[in-house]
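Here is how the chains run, residue by residue.
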Amino acid sequence: MAKHVFTKEEVHELVEKENVHFLRVMFSDLFGTTKSVDLPVSQLDKLMNNKMMFDGSSIDGFVRINESDMYLYPDMSTWLVFPWGEEHGKVARVICSVHMTDGTPFAGDPRNNLIRVLNDMKKAGFTSFNIGPEPEFFLFKTDEKGNPTTEVNDNENYFDMEPADAGENCRRDIVLALEKMGFDVEAAHHEVAPGQHEVDFKYANALEAADNIQTFKFVVKSVAKKHGLHATFMPKPLSGINGSGMHTNMSLFDKDGNNAFYDEKGELQLSDTAYHFLAGILKHARALTAICNPTVNSYKRLVPGYEAPVYVAWSASNRSPLIRIPDDRKMGTRVEMRSVDCTANPYLAIAAILEAGLDGLRNNLTPMKEVTENIYMMTPEEREAKGIEDLPSNLHNALKSLRADEVVRESMGEHLYKNFFEAKTREYDGYRQHVSDWERDKYMLQY
């Protein structure tokens, strides 16, 4: 169901009712970093009339200095009021898309790009691509200056509960803040690693889900700071423990509101649409990894032994492959991609996954056979016999796969792909040239 788009009159009424004094106007750059400008509420009409200009040349991956004037067009379905700031008046958030001076959507705006791919989905006969994210994060203690340390705030484990723990209190306040903002939180719990937490909120259509992920990360960091903690979505902040991912559940809906992945008479009660879509993701999995795991650190998580997926395969029960089909059926039938992490730009990641699935539908692709065995226990020869590929082992190899995959490149469009590929190549080159403490400890005396 589409979210309500507030009219100017409704917004002015809400401003008075909620005592809103400031507007936080938000959008995302190429890398998924949330950018914002704070406006006094006196500028509300200017914003709603699409007259808010900014310098696009100062934003990563946008435009050159000689073509820098750009406009922020607010999506008034994203209006919400942050549940803090009573003393000087509340702050309302609005998420914007970026437009050129002639009014056309800017092709380098990741949010505009997702809208473009969603329009392709609608042309294929579907009305909604629902996304249910499961983001994980770590809470670290801070020093006397407020800078993060490498000391986690607890030594708990999966589903553990410690009422006196600062992390427990922080997670509770995160949930309360999200609920006040209209999030439907389904679960919140401690994860496997010390200091690691997960908060799951209800699925939404793809665009709203991406907006929610960005807002969620902002809320988590803001609440953690109030507790004297530092929240990080870095995939692998510490060696020897599980990393943080963002399992991404997805389902397509047809024009009649039916879940297109469900077929009561199909194998595993999955429809042909589900199998074709699944096959598309598997076919393009290596290229998708560059977008869904876009940092050097992402690949420290994608290693055997820490529950993260490493192999391109699928299963309805087994948790070792890349793709899992949870037990829920009928309206809850969905595909879960387990490799994605929170450093991914959610607008780009969702667009790429959707485009890969649509490619599977367009070409009636058939997925490999379900893998029910624990892939981590297989030999390389056994994996090869079953047609199980490895995910890329580092960002460099993922970028090579992206460059060779026309479908996933097209999911970004030329502008975003070119800037993304160049920036991430520079990032990997910088990492490749850095000499780490591990290398000095390992080789300095030996050689």
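This is a predicted model, so every value here is computed, not measured.

Enquirer: Now, about the overall build of the protein: what can you tell me, with residues and values included?
Expert: In terms of regular secondary structure, the protein is built from 13 helices and 16 strands. The C-alpha atoms of the protein give 22 Å as radius of gyration, which agrees with the globular expectation for 447 residues (22 Å, within 12%). Expressed along its principal axes, the backbone C-alpha trace of the protein runs to roughly 65 × 55 × 50 Å. Taking contacts inside the protein between residues at least 6 apart in sequence as the whole, the part at least 24 apart equals 68%. Each charge class in the protein can be summarised by its mean position, and for the 50 positive and 68 negative side chains these summaries are 3 Å apart.

Enquirer: Give me helix 3 (residues 110-123): which residues, what numbers.
Expert: Compared with the 20 Å implied by 1.5 Å per residue over 14 residues, the 20 Å span of helix 3 between its first and last C-alpha is a close match. Within the span of helix 3, buried status applies to Pro 110, Arg 111, Asn 112, Asn 113, Leu 114, Val 117, Leu 118 and Met 121. Backbone geometry just downstream of helix 3 places Gly 125 in the positive-phi region, at approximately 100°.

Enquirer: If you had to explain the packing of aromatic side chains to someone new, which residues and values would you point to?
Expert: Taken as a whole and judged by the stated rule, the model has 16 aromatic pairs. Residues Phe 137 and Phe 233 carry aromatic rings whose centres are separated by 5.6 Å and whose planes lie at 55° to one another, so their mutual orientation is tilted. With Phe 137 in strand 6 (residues 126-142) and Phe 233 in the loop between strand 11 (229-232) and strand 12 (246-254), this residue pair connects regions lying 96 residues apart in the sequence. Ring geometry for Phe 183 and Phe 201: centres 5.3 Å apart, planes at 85°, overall edge-to-face. Of this pair, Phe 183 sits in the loop between helix 4 (166-180) and strand 8 (185-190) while Phe 201 sits in strand 9 (residues 196-201), and the two are 18 residues apart along the sequence. Put simply, the rings of Phe 137, Phe 183, Phe 201, Phe 216 and Phe 233 pair up and form one aromatic cluster. Over the ring of Tyr 417 we find Arg 409; its NZ or CZ atom is 5.7 Å from the centre of that ring.

Enquirer: So what's going on with helix 5 (residues 206-226)? Residues and values would help.
Expert: Between its terminal C-alpha atoms helix 5 stretches 30 Å, which fits the 30 Å expected from 21 residues at 1.5 Å a residue. For helix 5, the buried fraction is high: 17 of the 21 residues fall into the buried class.

Enquirer: Could you give an account of a nonpolar patch on the surface, with specific residues and numbers?
Expert: Where nonpolar side chains cluster on the molecular surface, the patch consists of Trp 438, Tyr 443 and Tyr 447 and spans about 440 Å² of accessible area. Among the secondary structure elements, Tyr 443 is positioned in helix 13 (residues 437-443). When its relative accessible area of 36% is taken as the criterion, Tyr 443 is described as partly exposed.

Enquirer: Explain the pattern of salt bridges residue by residue, including any values.
Expert: For the structure shown, the criterion picks out 18 salt bridges. For Arg 111, the salt bridge is made with Asp 75, and the minimal N-O distance between the two is 2.8 Å. Of this pair, Arg 111 sits in helix 3 while Asp 75 is found in strand 4 (residues 69-81), placing the two residues 36 residues apart along the sequence. For Arg 111, a relative accessible area of 3% gives the class buried. Two residues, Glu 422 and Lys 418, come together in a salt bridge whose shortest N-O distance is 3.3 Å. Of this pair, Glu 422 and Lys 418 both sit in helix 12 (residues 406-432), separated by 4 residues, roughly a single helical turn. Using a relative accessible area of 36% as the deciding quantity, one classes Glu 422 as partly exposed. Each of Asp 75, Arg 111 and Asp 211 takes part in salt bridges that share partners, so that together they form one network.

Enquirer: Which residues make up the environment of Val 219, and what values do they have?
Expert: In this fold, Val 219 is placed in helix 5. On a C-alpha basis, the gap between Val 219 and Asp 173 in space is 9.9 Å, while along the polypeptide they are 46 residues apart. Apart from residues lying up to four places away in sequence, Val 219 is in contact with Trp 84, Ile 174, Ala 177, Leu 178 and Met 181.

Reading the values: rules and limits
Along each chain, residues carry numbers from 1 onward, in the same order as the chain's sequence is written. Only residues with pLDDT of 70 or above have their local features reported here, since the model is predicted, and side-chain atom pairs are shown and tallied only from 80 upward, although totals for entire chains, interfaces and linings are computed over all residues. Side-chain figures throughout are based on the complete set of non-hydrogen atoms in the structure, without hydrogens or water. Strands are runs of DSSP state E lasting at least two residues, helices are runs of H or I lasting at least four, and both sets are numbered from the N terminus onward. Throughout, the radius of gyration refers to the C-alpha atoms, and the reference size of a globule is 2.2 Å times the residue count to the power 0.38. Should any heavy atoms of two residues lie within 4.5 Å, those residues are counted as being in contact. His is not counted here, nor are the chain ends, while Lys and Arg score as positive and Asp and Glu score as negative. Positions of charges follow a simple convention, taking NZ of Lys, CZ of Arg, CG of Asp or CD of Glu. Here a helix's expected span is defined as the number of its residues, less one, multiplied by 1.5 Å. Whether a residue is buried, partly exposed or exposed follows from its accessible area with a 1.4 Å probe, protein chains only, as a fraction of its type maximum: under 20%, in between, or over 50%, in that order. In this analysis, rings of Phe, Tyr and Trp, with Trp reduced to its six-membered ring, are considered paired at centre separations within 6.5 Å, and the interplanar angle assigns stacked below 30 degrees, edge-to-face beyond 60, and tilted for intermediate values. Charge over a ring is defined by NZ of Lys or CZ of Arg lying within 6 Å of the ring centre and within 35 degrees of the ring normal. Exposure above 30% relative accessible area and the absence of a salt bridge qualify a residue for a patch, where like charges join within 9 Å and nonpolar side chains (Val, Leu, Ile, Met, Phe, Trp, Tyr) within 5 Å. Shrake-Rupley sampling with a 1.4 Å probe provides the accessible areas, and residues are treated as covered by the protein chains on show and by no other component. The rule for a salt bridge is simple: a side-chain nitrogen of Lys or Arg has to be within 4 Å of a carboxyl oxygen of Asp or Glu.

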